[in-house]
Amino acid sequence: MECNLKKQLDKVGAVWNRTVAYLEGKNTFVMWCACILYKCLLDLYYLNVMHPVWYSSGLGCNPDFVRYVLSWVLLVAGYAGMPKEENSKLGFFFQIQWYLTVMPMLTLYVFDSDQTSSVYMGYVFAVIIVENILVQRLKNITPVKLKTKADIRQYFTVALAITAVACVAIIILWNSFEGLRAFDFEYIYKMREKLEFPRGFGYIEAWVTRIVIPFLYIKCLSEKKYVGAVLALGMQVFLFMILGYKFLILEMVVFTGVFIIWKLKIPVKAIAFGLNLLVFIGLVSYKMESYGTHSINLKINALLGDRTLFIPALYKFRYYNFFSEHPKVWFSNGLIGKCLGETNLYKYSLGYTIDGWHRGGTMLADFNTGYLGEAYAQMGFCGMMLMGILLVIIISFINSYGRYMPDTILLGFVGYIAIVMNDGSLLTACITGGIWLIILICMIYSRKERDYG
């Protein structure tokens, strides 16, 4: 029985390997097909699901034919020079950015012409094209490796694990454990209101939950230390039941997904066809079932279409609409501004300011936007270009460790950065979000070429 099962699995594996090899031979054609299909599906998804259900969130419908034609021109211009190679960490990052960030903006640009600007759309694609050019120049940069012995890496791993356990202990002492109630996505907002930390502990909590625990998890998976992987996963779920941050669960899903698609040898294509599949499922499920207050379909499409794709895209345009008429921030709202002695011109956070401006003074939500919207708020188009260049340098630097660290770890890191960049500031992600720690980990854990030990 076991022998027959093994033979069947071997046959399936052989067929899969032949399929992967065939797709790799036609990689460019396959990726273009996925991109064009996604554009069509995303347009249908917006018209048939997102606008009818979430129009009250600002997802309007005022289509423009000229913009529709122009959107295809922009699509070709932006996607033509983008890395599409299957085994490229650069390709993995830029495909996520393209499908999560840029394509939803194109759809909004066509179908919500009242709130979207052609000028800002031009700015975005100028940045994308410059990123595509720059990333080709930085493909072969030399990594910086610290001269460490194997035992130093082991000590650092132990130090990270101890830090994670200590962080969990402090969070438990200062806050209450909510258990399964945390999976009620309406209740978690009440949980967050009650959170308390020691002074300055928020940074440590962010670094541990966003970088340290996911790193230990994917490292254990890569080294087939499944007990350690389960412990890291359990620790993250436990923290979610205290903190109520959905991103804690999302990040572990991302790292697990990265491990699976790497095993299947299709990480870049999995992003393209995976998001096609998710949008298709969202579209079909809406047509098959009418929405109720607690409908599963409603929650799925709220997470996928509303929270992940179109609301971040909409707020990028709203940031431009506001800051094209009002003074730029010039980093006065953050740590850089404080160090330079700058006075913040705005009383509230940028998210609340934009929301209050749009609603005529009523501030209901502190919506963040991605690095493209936040950079325009700081320095206009120059800020967008500067942040785009800095982002390419960071991703290229991480990519340079591809021969010296397991692909699963590096893909997990660049996937994390790509998702964060859809919803947050690059400089904030570098400090609070822990990108500095990612770079340090790469420098410490890099080994001799192909020696992954």
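Presented here is an overview of the structure given in this document. (Residues numbered from 1 in each chain as written. Predicted model: local features only at pLDDT ≥ 70, side-chain atom pairs only at ≥ 80, totals over all residues. Heavy atoms only, no water.)

1. Describing the overall build of the chain
Part 1 of the reasoning: Per the secondary structure count, the chain includes 18 helices and 0 strands.
Part 2 of the reasoning: Taking all 453 residues of the chain together, the buried fraction comes to 49%.
Part 3 of the reasoning: Partitioning the contacts of the chain with sequence separation of at least 6, the portion at a separation of at least 24 is 79%.
Part 4 of the reasoning: Accessible surface for the chain amounts to roughly 21,500 Å². Of this, 66% is attributable to carbon and sulfur atoms. (Helix = DSSP H or I, 4+ residues; strand = E, 2+ residues; numbered from the N terminus. Buried < 20%, exposed > 50% of the residue type's maximum accessible area, 1.4 Å probe, protein only. Contact = heavy atoms within 4.5 Å. Areas by Shrake-Rupley, 256 points an atom, 1.4 Å probe, with all protein chains shown as cover.)

2. Thoughts on unusual backbone geometry
Part 1 of the reasoning: At K224, a position not held by glycine, the phi torsion is positive, near 60°.
Part 2 of the reasoning: Here K224 is to be found in the loop between α8 (201-222) and α9 (226-243).
Part 3 of the reasoning: At K265, a residue that is not glycine, the phi angle is positive and equals roughly 70°.
Part 4 of the reasoning: The topology assignment puts K265 in the loop between α10 (246-263) and α11 (267-288).

3. Focus on the pattern of salt bridges
Part 1 of the reasoning: Here the structure, examined in full by the defined rule, presents 5 salt bridges.
Part 2 of the reasoning: A salt bridge links D423 to R307; its shortest N-O distance comes to 3.0 Å. In this pair, D423 sits in the loop between α16 (407-421) and α17 (426-431) while R307 sits in helix α12 (residues 296-323), placing the two residues 116 residues apart along the sequence.
Part 3 of the reasoning: Residue classification places R307 among the partly exposed residues on the basis of a relative accessible area of 36%.
Part 4 of the reasoning: Connected through shared salt-bridge partners, K219, E223 and K225 make up one network. (Salt bridge = Lys/Arg side-chain N within 4 Å of Asp/Glu carboxyl O.)

4. Focus on the packing of aromatic side chains
Part 1 of the reasoning: Across all of its chains, the model carries 27 aromatic pairs by this definition.
Part 2 of the reasoning: On the numbers, 6.2 Å between centres and 75° between planes, the contact of Y120 with Y376 is edge-to-face. Of this pair, Y120 sits in helix α5 (residues 118-137) while Y376 is found in helix α15 (residues 371-399), placing the two residues 256 residues apart along the sequence. Across this residue pair, the class does not change: Y120 and Y376 are buried.
Part 3 of the reasoning: Taken together, the aromatic side chains of Y120, Y123, F317, Y320, Y376 and F381 make up a single cluster linked through ring pairs.
Part 4 of the reasoning: Directly above the aromatic system of Y79 lies the positively charged group of K84, at a separation of 4.6 Å from the ring centroid. (Phe/Tyr/Trp six-rings, centres within 6.5 Å; stacked < 30°, edge-to-face > 60°. Lys NZ or Arg CZ within 6 Å of the ring centre and 35° of its normal.)

5. What about the nonpolar core?
Part 1 of the reasoning: Grouped together as the largest cluster of nonpolar side chains are 139 residues, with contacts concentrated most on W98, F323 and I417.
Part 2 of the reasoning: Top contributing element to this core by residue count: helix α4 (residues 89-111), with 16 residues.
Part 3 of the reasoning: Once residues lying within four places of it in the same chain are set aside, the contact partners of F323 are K328, V329, Y346, L350, I354, Y376 and A377. (Core = buried A, V, L, I, M, F, W, Y, C linked by side-chain atoms within 4.5 Å.)

6. Brief notes about the packing of α5 against α12
Part 1 of the reasoning: Running from N to C, α5 and α12 cross one another at 115°; their axes reach a closest spacing of 10 Å. It follows from the interaxial angle that α5 and α12 lie roughly perpendicular. Two packed elements cross with a definite hand, and for α5 against α12 that hand is right-handed. Facing V119, Y120, M121 and Y123 of α5, the residues of α12 in contact are K316, F317 and Y320. (Axes fitted to C-alpha atoms, helices over the stretch in contact; angles between N-to-C directions. Parallel < 35°, antiparallel > 145°, perpendicular 65-115°, else oblique. Left-handed = near helix turned anticlockwise from the far one by under 90°.)

7. Focus: α16
Part 1 of the reasoning: A rise of 1.5 Å per residue sets the reference length of α16, with its 15 residues, at 21 Å; its end C-alpha atoms lie 21 Å apart and thus fit the reference within 8%.
Part 2 of the reasoning: The element α16 is largely enclosed, with a buried count of 14 among its 15 residues. (Expected span 1.5 Å × (residues − 1).)

8. A word on the side chain of Q95
Part 1 of the reasoning: Topologically, Q95 is positioned in helix α4.
Part 2 of the reasoning: Residue classification places Q95 among the buried positions, given a relative accessible area of 0%.
Part 3 of the reasoning: Side chain to side chain, Q95 and Y79 meet in a polar contact 2.9 Å long.
Part 4 of the reasoning: A polar atom in the side chain of Q95 sits 3.0 Å from the backbone oxygen of P83. (Polar contact = N/O pair within 3.5 Å; in protein donor to acceptor, adjacent residues only side chain to side chain.)

9. Description of the environment of Y245
Part 1 of the reasoning: Looking at the element boundaries, Y245 is found in the loop between α9 and α10.
Part 2 of the reasoning: Taking the C-alpha atoms as reference points, Y245 and R192, 53 residues apart in sequence, are found 7.8 Å from one another.
Part 3 of the reasoning: If we skip the residues at most four places from it in the chain, Y245 touches R192, L195, E205 and F240.

10. Examining the state of the cysteines
Part 1 of the reasoning: Tallied over the full model, the rule gives 0 disulfides.
Part 2 of the reasoning: For C40, which is in no disulfide, the shortest distance to another cysteine sulfur is to C35 and amounts to 9.7 Å.
Part 3 of the reasoning: Looking at C40, the relative accessible area reads 35%, which means it is partly exposed. (Disulfide = S-S within 2.5 Å.)

11. Examining a nonpolar patch on the surface
Part 1 of the reasoning: Where nonpolar side chains cluster on the molecular surface, the patch consists of F65, V66, V69, L70 and V73 and spans about 490 Å² of accessible area.
Part 2 of the reasoning: Note on placement: L70 falls in helix α3 (residues 65-80).
Part 3 of the reasoning: Looking at L70, the relative accessible area reads 35%, which means it is partly exposed. (Patch = residues over 30% accessible without salt bridge, like charges linked within 9 Å, V, L, I, M, F, W, Y side chains within 5 Å.)

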